[in-house]
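Each chain is listed here by its residues.
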Amino acid sequence: MGFSIREATIDDAVLIADISRQTFYDSFAADNTKENMDKFLREQFTRGKLMLEVGTRDTTFLLAYHNSEIAGYLKLRDGRKPAALSGMNVLEIARLYALSTMIGKGVGRLLMQKSIGTAQERNKEAVWLGVWEKNHRAIDFYTRWGFEKFGEQDFLLGDDVQNDWLMMRRV
């Protein structure tokens, strides 16, 4: 029972779009209204928009597999950063998700190791991410990996303006 990771190609765009929507819904539907979730998925997080992200400049997608079954994915983004990090050479962990059936089996650890390793390979000073302030499981996970809160930003989910924590870890 082994995990593997591979870099996604443009041929994986449909898979990435589908697992992006599935993992987002699985992660947040219970804590948000159906109307806001539906609006977000229909307007901001569409299959078409997600497919267009694959293969774009400064964006890397990695797919994690458990044996031959998709287990999770990682989206790394280079070049975009909050003002508080303006003087630093950083890599953003834009998305790190495990499928609900894979949570607790080590896929998150594997994807985080890959994030930090990629940042080191690219000579980055740090990795950073945004996480919903109410996503305590994710915040606990990131804190265990040495991430610390350095700011906040708004995140629009449907009609609900939510607060994301910005967290960073030096590599």
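Since this is a predicted model, take the numbers as computed values, not measurements. (Residues numbered from 1 in each chain as written. Predicted model: local features only at pLDDT ≥ 70, side-chain atom pairs only at ≥ 80, totals over all residues. Heavy atoms only, no water.)

Peer 1: For this particular structure, what's the right way to read the pairing of strand β7 (residues 160-170)?
Peer 2: Every regular strand shows the same layout, with side chains that alternate between the two sheet faces. Sheet topology places strand β5 (residues 126-132) next to β7; 7 bridges connect them, and they run antiparallel. Across the sheet, V131 pairs through a bridge with W165, a residue of β7. Bridging between strand β6 (residues 148-157) and β7 involves 9 bridges; their strand directions are antiparallel. Counted as the bridge partner of D154 is N163 from β7. (Pairing = 2+ DSSP bridges. Helix = DSSP H or I, 4+ residues; strand = E, 2+ residues; numbered from the N terminus.)

Peer 1: Mind showing me how you'd approach the pattern of salt bridges here?
Peer 2: If charged atoms from side chains of opposite charge come close, those side chains can pair. Considering all chains together, one arrives at 13 salt bridges under this definition. Here K34 ties to D38 by a salt bridge, and the two come within 2.6 Å at their closest N and O atoms. In this pair, K34 and D38 are both assigned in helix α2 (residues 34-44), 4 residues apart and thus about one turn of the helix distant. Classification of K34 as exposed rests on a relative accessible area of 56%. (Salt bridge = Lys/Arg side-chain N within 4 Å of Asp/Glu carboxyl O. Buried < 20%, exposed > 50% of the residue type's maximum accessible area, 1.4 Å probe, protein only.)

Peer 1: How should unusual backbone geometry be read in this particular structure?
Peer 2: A negative phi angle characterises most non-glycine residues, just as the trans form characterises most peptide bonds. For D58, which is not a glycine, the phi torsion comes out positive at approximately 70 degrees. Counting through the fold element by element, D58 comes out in the loop between α3 (47-53) and β2 (59-66). The exposure class of D58 is partly exposed, given its relative accessible area of 36%. We note that N67 has phi near 55 degrees; this positive angle belongs to a residue other than glycine. Here N67 is to be found in the loop between β2 and β3 (69-78).

Peer 1: What exactly am I supposed to notice about the sheet that holds strand β4 (residues 90-98) here?
Peer 2: Remark on secondary structure: sheet strands pair via backbone hydrogen bonds, oriented parallel or antiparallel. Within the open sheet, the 7 strands sit side by side as β1-β2-β3-β4-β5-β7-β6. Their pairing is mixed. Either end of the sheet is taken by a strand with one partner, and the two such strands are β1 (3-7) and β6. Averaged over all neighbouring strand pairs, the angle between strand axes comes to 25 degrees, with direction disregarded. Relative to β4, β3 is paired through 7 bridges, and the arrangement is antiparallel. Bridge pairing in β4 links K75 to R95. Lying over the sheet, α2 contacts β6 and β7, oriented at roughly 85 degrees with respect to β6. (Axes fitted to C-alpha atoms, helices over the stretch in contact; angles between N-to-C directions. Contact = heavy atoms within 4.5 Å.)

Peer 1: Would you mind going over the nonpolar core with me for this structure?
Peer 2: For soluble globular proteins, the rule of thumb is that nonpolar side chains tend to be buried together. Among the nonpolar cores identified, the biggest contains 47 residues, and F24, L63, I93, M112, Y142 and F147 are the most heavily contacted of them. When residues in this core are grouped by element, the largest group, 6 residues, is from helix α1 (residues 13-28). Apart from residues lying up to four places away in sequence, Y142 is in contact with L96, M112, L129, V131, F147 and M167. Counting residues in each nonpolar core, the second largest holds 7 residues, with L85, V90, L166 and M168 among its members. (Core = buried A, V, L, I, M, F, W, Y, C linked by side-chain atoms within 4.5 Å.)

Peer 1: When you look at α2 in this model, what are you seeing that I'm missing?
Peer 2: Residues lying three or four places apart along an α-helix face the same way, a consequence of the helix completing one turn every 3.6 residues. Listing the buried residues of α2 in full gives N36, M37, F40 and L41. Buried residues of α2, viewed axially, fall in a sector of 125 degrees; they line one side. In this structure, α2 carries K34, E35 and R42 as exposed residues pointing more than 90 degrees from its buried face. Where α2 is buried, its residues meet α1, β6 and β7. (Arc of directions from axis to C-beta.)

Peer 1: So what exactly am I meant to see when it comes to the pairing of β4 here?
Peer 2: For β4, the buried fraction is high: 8 of the 9 residues fall into the buried class. Looking at chain direction, β4 and β5 are connected through 3 bridges and run parallel. Each bridged residue has a counterpart across the sheet, and for E92 the counterpart in β5 is W128.

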